[in-house]
Amino acid sequence: MEVKERRLKKPLRENPYLTFTQWQFPEDPEYRIIGKVVPPKDTDRITGKAPFSRDIKLPGMLYAKWLTSPYAHARVKKVDVSDVKSMPGVYDVLVCGDPDLQVEGSPEGLGVCEEYPWGQCNVKRPDIAFILPCEAVYEGQPVAVAVAAETPEKVDEALKMVKIEWEELPFVIDRDEALKPDAPIAQLFRGQDVNVVDPVAADLHSYVPWVAPGSDKCERGDVGKGLKEADRVIEFEIKVGTNCWGGGGVEPYASVAWIHNSYLDIWFRVQVPWMVPESAAGAPRGITLPIAASLAGVPLDKIHVHIPYTGAGFGGMNWVGNGALPTLLAVVLSKRTGRPVMVLADWSSFSGITEEEEGHYKFKVGFKNDGTVTAVEIWSNASRGHAGLAIPGCEKLFGITTIKNCRCESTVPYINKAPAACYKHGTTETIVLNEVFSQVAAALGKDPMEVALKNDGYFGHPMHPDMDEVKTKQGFPLRDSLKEVIEAGKKAMDWDNKWHPPGAKKLPNGKYHGLGFAWADEWRAGPWLPFASDNPYHAVLYFLEDGTATIKGMRTLIGVHEKTTYCQIVAEEAGLRYEDVELDHEFNEARLMFPAASGGLTWNSVILKELGMKAKRKLLEVASVHFNKRPEELDIKDSIIFERENPENKVTVRDIVSRYKAKFAGGVWATGETVLKGTEMPPTPREVHHWGRQAAFVEVEVDPDTGKVDVKKFVIVNDVGRVINPGSVAGQQYGGVYMGLGRAHTEEIIYDPLTGVKLNDSLTWYHVPTITDIPRLDAIAVETGLGYSAYGNMGVGEDPNCVARAVLRSAVYNAIGKWIDEDPITPFRVLKALGKG
Amino acid sequence: MNIPGEKKTDDIGVESKNLAKPPQIIGLTVNGRQHIFKVGVDIQPNTTLRDLLKERLGLYSPKEMCQGDGSCGSCTVMLDGKPVLSCLTLAVDCDGKSVETVEGIAEAGHPLIDAFRNNYAYQCGYCTSGFIVAAKALLDRNPNPTDEEIVKALSGNICRCGAYAAIISAVREAAERLKGG
Amino acid sequence: MRTIRKFEFLNARTIDEAVNTLAAYKGKAWPFAGGTDILRMMRFQPLPENLYPEVLINLKTISPSLEYIKEEDGILSIGALTKLVDIANNALVGERYSALANAANKVASPQIRNMATISGNICQLTHCLYFSKPDNRFHCLRKGGSECPAQLGDNRYCSIFGDVNGCVAVNTSDIAPALIALNARIKTNKRMVNAGEFWDVRVPGSTILDEDEIVVEIQVPRPPPDAKSVFMKFSIRSSIDFPIVNGAALIGDGVARIALNAVAPKPYRATKAEEVLKGKTIDETAAEEAAIAAVSEASPLSFNKWKISVAKAIVKRMVLNTKSR
């Protein structure tokens, strides 16, 4: 379809390191506040006043830490803490096996012990797990002993005095090795005699609906038939590594718990503070509070949650293995000591978690000479280390292509590495998706964008005409997202002039020039969404006497300008001035639709729009008495209520609110009555559609002598449906590309093959890119309105990271003419591919 | 304010008069206010400047992203006008020195604060204090920096959210404002 | 964040006080300058209990100050406590001793260059990922242990020129190769040492210094007028990073001195490469020959063959860079 008259907008100041461009469309309604650059709300983050979890101080507060395992797999044989208990300043010493550390039963939908990636199950009593286990299954795992004392220094001294006798156990950190018949058993406590994760127990089906129940296979169509139809068949394999500085982000974990009277107060570093009951089994998320309640012996409603500022959150924080452990231990220690206790998890940045699944993927791909892929078969051994669940990595291949015949078989091994979790999730799926099309394009010598467009679809259906019908029926514009993002990005990269065959362009500086393209869909939150559960959600707006309004609704502040965007939406819809609206994010009595994770704004904009509209109705109803007019005859703009016919007849919101105080008591509540557009989509009714696309274009220079990949220019194009806040979108695009590039070619966790010990768990040797390592970025936001949310908007947080990590692979191939079969693409691996390493 | 002491060295049986002595009192200025600490009482030899600022003075803007490894810049403060890592600076080593943190920079109404806001130059804010201090130190000694100079001055700070480009914009804007632009 | 382990802190007012105190504590006192290396070590505690200092002797209180840069009679003298930032920004050093200025400018990060001193940089502990792992996780040869875990482990960043006393960790000083290439001397309270003879591999130390010996001054003879010095560093990041390979060269006016670091347990003088260049005009071929000669004695470990290619490239590029004036 033709795109007419699009308007180019550059809402942010020019910068040689980042250009942000918006492709807007004239048919879009003009908003007063939405889509505008407004001053961000939470300026405490700039002035040093924002308290993060470790900055909390309560009277009489104790500090606590735990020991971590020096071994990849070991069991505690004997613990001697006699010297520790008598040390001055030490208040409590907890040793593994203590009944106080035990979590029993399945409160509030909690599963059996299989579901605790952090715990240790008693094989004979699978319904019991321990917060601090006696068997460690990865190096760095919290284990054996925790100490609470007056100061962190006294805790450190006390932990040094603990004497432990270990029994070292055989370990395995390599996925391929773990699946061999004589492999050491990675996790003895599970009572299994193989390292394979049981697909039924892991319940992959509930996480990835198109995996058959009780199976680990994704299958569609007939692969054998598809391969026969193909003009050509190619086979290849890649190893995707875990390389992430995980643990949720940059701020080391800390949690404070305080049991007083009959209440439990918690301050924690968290991403999903409250329970989402229908969570994917094997990946328990957001269930911290029910466990905390049972440990403290208080009802769930008597937990008072405080959420300090959060030093970023890219995922993984929701998982019990990381986010919950400090909190649960703090609860136990507070109960035992009668004091508020802060647990400091010094290990958390590197030892708590790694990033997503690592895996060895083998591909068989059949395709026509025109680039149409007829069949894909993938075998993988993706693993999430210690955690049971691993996503097969084929979700995007299934979800956003026309490929009729595909099968993805995944054997998931347990290995002796930290549990892995989502971390700007989707990199593996994006690598798998792009590997198929990049290899096909390379084999055919075709432009990779032509191949992408040929295969772009939705669960095996082509975009045209199948999806056009659905779009029309559901009131979406007839737009082709992939076509539009490609068009914008290609131009920004000057692709046609720069493109060349693989290995064909050596520059005067001796380096190889390479171009890369990758694509994917917009990240969509999965089936654990509030819509799929019975989780109640609401938002409240309280009008204050000074005429301002406060949105109340709990969520975490992970740093996506959440306060700013939420206030923009409510102010827009209610007719208030942006500066008159604030967000109170710690209000325990109302929980926003999605706490702070993938698609946070996408989901929450639905309820916030509803809240703004209700607030406006309320204001107009009350004002109608004042004006002696019907509400329909009135309107609000910039916090002033006026008569439509006679705008000079006006009164401020402040006057109305202060004059009719009683009418506003209790606030205006929104309870999520709005239904999302397009949620009733075949063939996966629990899913929303994902028609939005993104594309990444990169230009690199590869030094054939040092193996270094210099990224010269990067163009990222995201269909965000609609921009709510340009500053926030540009920040997510830049941040995603930056993280993706780091994960693609500088960041890597190195394990000692002989002991399974992490060797570079420090920011000195784990190379997160600095400001000097990042290329110029052209960020382009395309607004198609194809999103499922209130303004046709969709998420952008995860996306650029995923394509950035994937796109470097094809660029390096284009530069040196060789595929790097292992990721990340560090100089070490580039030189290996060139026969020099 | 260095008062030579005469302790400990007797234990090793050496005449103490030609030996190094422990400091007893440390005086330093923090954000323009003077403070005195007794070594062994208020602070210990292994107390870092970061601990002192946070635990004794309630200034918690210096953070601990790398957990004291010296590789993230989130604990950066200015010591006698130069950005240093407060997690690897000993409090006992700061006698007679002047410290500036982002709290002081904000209190003084420095244009960097508004510029960071205007340019969305922060996301989660955990690294932000360190960046602002490093930028302030740059603008103090070089009010008219080039982009390359800005990048170099900020190259010791890590931001995981990825606000680098916006931070460069913010520092440029602050420089313009300081020039009266 | 972990607490830094306990120690006694003493301020020295003179060099005599400092070395007398060091002698009095018989190896249990360490000199303390910028502190960036020692305090990290005292926090993460990679060493066994018996090897930590109990006393840190602050040299920054010494009077007259050891923080200075001056040039007299064709010798550049840099006080041992001169901060790296001041060397990097010194116009005189930048003009005549550019390899040294550039090396100082490439150390770690701006914050660390504001704190760290030249003597601290050259005395930093030679380390590998195994050595540095906290809590003495790997009790290696350099900690009094009986084996080197890196020899059989992941040694991708380790020595390509074999071991010294069984250790295959590399010296990561950026300043070291510059001093060797510039033919510098290191003055201690006891003696004057040529830069090439300053480093060693000990338990756990990395220099030839005695327990009661401190660096007092660095002396660099002014290079011949037509010689040019360069420094190059290859690291994964452009900032906040140790080198994978770095190097410095002084070439021209009949002189050819080339040193590499981070390729061996001690800084490595590429004498073979120097010989190749003797009497030659610097061009592409000469540079390539020198580069090949520089790594001719390399013998990689299981994971680090790639570093040979990097080292070779560094030598070649340094040699060619000395040509363009």
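Keep in mind it's a predicted model, so treat the numbers as computed, not measured.

Conventions we followed
Residues numbered from 1 in each chain as written. Chains lettered and ligands numbered in written order. Predicted model: local features only at pLDDT ≥ 70, side-chain atom pairs only at ≥ 80, totals over all residues. Heavy atoms only, no water. Helix = DSSP H or I, 4+ residues; strand = E, 2+ residues; numbered from the N terminus. Buried < 20%, exposed > 50% of the residue type's maximum accessible area, 1.4 Å probe, protein only. Contact = heavy atoms within 4.5 Å. Areas by Shrake-Rupley, 256 points an atom, 1.4 Å probe, with all protein chains shown as cover. Core = buried A, V, L, I, M, F, W, Y, C linked by side-chain atoms within 4.5 Å. Pairing = 2+ DSSP bridges. Axes fitted to C-alpha atoms, helices over the stretch in contact; angles between N-to-C directions. Lys, Arg positive; Asp, Glu negative; His and termini not counted. Salt bridge = Lys/Arg side-chain N within 4 Å of Asp/Glu carboxyl O. Buried area = accessible area lost by both parts, 1.4 Å probe. Polar contact = N/O pair within 3.5 Å; in protein donor to acceptor, adjacent residues only side chain to side chain. Nonpolar A, V, L, I, M, F, W, Y, C, P; charged D, E, K, R; others polar. pLDDT = per-residue confidence, 0-100. Phe/Tyr/Trp six-rings, centres within 6.5 Å; stacked < 30°, edge-to-face > 60°. Parallel < 35°, antiparallel > 145°, perpendicular 65-115°, else oblique. Left-handed = near helix turned anticlockwise from the far one by under 90°. Disulfide = S-S within 2.5 Å.

J.: Explain the overall build of chain A here, please?
T.: Broken down by element type, chain A carries 22 helices and 35 strands. Taken over 837 residues, chain A has a buried fraction of 67%. When contacts within chain A are restricted to residue pairs at least 6 apart in sequence, long-range pairs at least 24 apart make up 78% of them. Total accessible area on chain A is roughly 26,400 Å²; 50% of this is exposed by carbon and sulfur atoms.

J.: I'm lost on the nonpolar core in this one. Help?
T.: A general tendency of soluble globular proteins is for nonpolar side chains to be buried together. If you look at the biggest cluster of nonpolar residues, it comprises 146 residues, and the most contacted ones within it are Val365 and Phe714 of chain A. Apart from residues no more than four positions distant in its own chain, Val365 of chain A is found in contact with Leu227, Arg232, Val233, Ile234, Phe236, Val373, Ala375, Val376, Val436 and Val440 of chain A. Of all hydrophobic cores here, the second largest spans 137 residues; its members include Val757 of chain A together with Leu129, Ile236 and Ala248 of chain C.

J.: Explain unusual backbone geometry to me, please; I cannot follow it from the model alone.
T.: Peptide bonds are trans in most cases, and residues, glycine excluded, mostly fall at negative phi. Cis geometry marks the peptide bond from Asp823 of chain A to Pro824 of chain A, where omega comes out at 5°. Mapped onto the elements, Pro824 of chain A comes out in the loop between α21 (799–816) and α22 (827–833). With an omega of -10°, the peptide bond running from Val203 of chain C to Pro204 of chain C counts as cis. When you line up the elements, Pro204 of chain C lands in the loop between β7 (192–194) and β8 (215–221). Backbone geometry places His561 of chain A, a non-glycine residue, at a positive phi of 55°.

J.: Help me understand the sheet that holds strand β25 (residues 512–521) of chain A, please; the structure alone is not making it clear to me.
T.: Two orientations exist for strands paired in a sheet by backbone hydrogen bonds: parallel and antiparallel. All names here are of chain A. Spatial strand order, β1-β2-β35-β34-β33-β25: six strands in an open sheet with mixed pairing. This sheet does not close on itself; its edge strands, each paired only once, are β1 (7–9) and β25. In this sheet, adjacent strand axes meet at a mean angle of 15° when their direction is disregarded. Pairing of strand β2 (residues 18–24) with strand β35 (residues 776–782) involves six bridges; the strand directions are parallel. Each bridged residue has a counterpart across the sheet, and for Trp23 the counterpart in β35 is Val782.

J.: How should the side chain of Lys424 of chain A be read in this particular structure?
T.: Locating Lys424 of chain A in the fold gives a position in the loop between β22 (420–421) and α12 (427–444). Put simply, Lys424 of chain A is tucked away with no salt bridge, and the nearest opposite charge, on Glu798 of chain A, sits 7.3 Å away.

J.: Got a minute to help me understand the interface of chain A and chain B in this structure?
T.: You'll often see interface size given as the accessible area lost when the parts meet. Chain A puts 60 residues into the contact, and the matching count from chain B is 46 residues. Buried area between chain A and chain B, both sides added, is near 4,500 Å², and the carbon and sulfur share of it is 57%. Three residues, Arg13, Ile46 and Ile771 of chain A, lead the burial of chain A against chain B; their summed loss comes to 18% of the area buried on that side. Viewed at the interface, chain B and chain A are joined by five salt bridges. Between Glu55 of chain B and Lys57 of chain A there is a salt bridge, with its nearest N and O atoms 2.7 Å apart. Applying the counting criterion to the chain A and chain B interface returns 24 residue pairs in polar contact (both at pLDDT 80 or more). For the side of chain A that touches chain B, the secondary structure elements donating two or more residues are α1 (44–47) and α20 (726–745) of chain A. Take the side of chain A that touches chain B: its biggest share by element is eight residues, from α20 of chain A. Here the residues of the side of chain A that touches chain B are counted per class, giving 28 nonpolar, 20 polar and twelve charged.

J.: Is there a simple way to think about the confidence of the model for chain A in this case?
T.: Low-pLDDT stretches of the model should not have their predicted coordinates read in fine detail. Residue and element names in this part refer to chain A. In this model, chain A carries a mean pLDDT of 86, and residues with pLDDT of at least 70 account for 84%. A low-confidence stretch, residues 276–285 (pLDDT under 50), is modelled with 32 contacts involving residues beyond four sequence positions or located in other chains. Below pLDDT 50 for its whole length, residues 680–686 participates in 17 contacts with residues either more than four positions away or in separate chains.

J.: Explain the pairing of strand β11 (residues 255–261) of chain C here, please?
T.: Looking along a regular strand, one sees side chains alternate from face to face of the sheet. All names here are of chain C. Most of β11 is tucked away, with six of its seven residues classed as buried. Between strand β10 (residues 245–252) and β11, which follow one another and run antiparallel, lie two residues, and Asp253 among them has a positive phi close to 55°. Strand direction decides the pairing type here: β11 and strand β12 (residues 268–269), joined by two bridges, are antiparallel. Bridging across to β12, Leu260 finds its partner in Tyr268.

J.: Can you help me understand the packing of aromatic side chains in this one?
T.: All names here are of chain A. If you walk through the whole model with that rule in mind, you get 26 aromatic pairs over all chains. Ring centres of Trp495 and Phe697 lie 6.0 Å apart, and the angle between their planes is 75°; this geometry places the pair in the edge-to-face category. Here Trp495, found in helix α16 (residues 495–498), pairs with Phe697, found in strand β33 (residues 693–702); they are 202 residues apart in sequence, far enough to count as distant. Take Phe697: its relative accessible area is 0%, and that puts it in the buried class.

J.: Sorry, what's going on with the interface of chain C and chain A here?
T.: Taken together, the contact between chain C and chain A spans 35 residues of the former and 44 residues of the latter. For the pairing of chain C and chain A, the buried interface totals around 3,500 Å² over both sides, and the portion due to carbon and sulfur atoms is 57%. For chain C, the biggest contributors to the area lost against chain A are Leu129, Ile236 and Arg237 of chain C; these three give 18% of the whole. Our count for the contact surface shared by chain C and chain A stands at seven salt bridges. In this structure, Arg317 of chain C engages Asp705 of chain A in a salt bridge whose closest nitrogen and oxygen atoms are separated by 3.3 Å. At the boundary of chain C and chain A, one finds 22 residue pairs in polar contact (both at pLDDT 80 or more).

J.: It is not clear to me how the pattern of salt bridges should be interpreted in this structure. Could you clarify?
T.: If charged atoms from side chains of opposite charge come close, those side chains can pair. For the structure shown, the criterion picks out 91 salt bridges over all chains. A salt bridge links Arg32 of chain A to Asp638 of chain A; its shortest N-O distance comes to 2.8 Å. Within this pair, whereas Arg32 of chain A is found in the loop between β2 and α1, its partner Asp638 of chain A is found in the loop between β29 (634–637) and β30 (640–643), the two being separated by 606 residues in sequence. Of the residues examined, Arg32 of chain A reaches a relative accessible area of 25% and is grouped as partly exposed. On the basis of relative accessibility, which here comes to 37%, the residue Asp638 of chain A falls in the partly exposed class. Through salt bridges with shared partners, one network takes in Arg54, Lys65, Asp156 and Asp346 of chain A together with Arg50 and Glu64 of chain B.

J.: Looking at this structure, I do not really get the packing of α20 of chain A against α21 of chain A. What am I missing?
T.: Each pair of packed helices gets described by two things: the angle between the helix axes and the distance between those axes. All names here are of chain A. Viewed as axis vectors pointing N to C, α20 and α21 meet at an angle of 40°, and their least axial separation amounts to 7 Å. By the angle between their directions, the pair α20 and α21 is classed as oblique. Of the two possible hands of crossing, α20 and α21 adopt the one that is right-handed. Across the interface between the two elements, Gln732, Gln733, Gly736, Val737, Met739, Gly740, Leu741, Arg743, Ala744 and His745 from α20 touch Pro800, Asn801, Ala804, Arg805 and Leu808 from α21. For the contact of α20 with α21, the per-class residue count stands at seven nonpolar, six polar and two charged.

J.: Even after reading the chapter, I still don't get the sheet that holds strand β4 (residues 69–72) of chain C, so can you show me in this structure?
T.: All names here are of chain C. On the basis of which strands lie adjacent, the open sheet formed by five strands has the order β4-β5-β8-β6-β7 and antiparallel pairing. In this open sheet, the two strands that pair with only one neighbour each are β4 and β7. Neighbour to neighbour, the strand axes of the sheet diverge by 25° on average, direction disregarded. Inspection of the sheet shows strand β6 (residues 185–188) paired to β8 by four bridges, in the antiparallel sense. Within β8, the position partnered with Thr188 by the bridge is Val215.

J.: Where do I start with the state of the cysteines in this structure?
T.: Disulfides are covalent bonds that connect the sulfur atoms of two cysteines. Residues and elements named next belong to chain A. The final tally for this structure, using the stated rule, is two disulfides over all chains. Residue Cys96 pairs covalently with Cys134 via a disulfide, S to S 2.1 Å. Here Cys96 and Cys134 share a disulfide; its torsion about the S-S bond, 110°, makes the bridge right-handed. Placement of Cys96 in the loop between β5 (90–95) and β6 (102–104) and of Cys134 in the loop between β8 (125–130) and β9 (135–136) is noted, with a sequence separation of 38 residues between them. Of the two residues, Cys96 and Cys134, neither departs from the other in class, the shared state being buried. Paired through a disulfide, Cys394 and Cys408 show a sulfur-sulfur distance of 1.8 Å. For the disulfide bridge between Cys394 and Cys408, the dihedral angle about the S-S bond is near 45°, and by the sign convention the bridge is right-handed. Of the two residues, Cys394 sits in the loop between β20 (373–380) and α11 (395–399) while Cys408 sits in strand β21 (residues 405–410), which places them 14 residues apart along the sequence. Side by side, Cys394 and Cys408 carry an identical accessibility label, which is buried. Counting only cysteine sulfurs, Cys408 is the nearest neighbor of Cys218, a cysteine outside any disulfide, at a range of 5.1 Å.

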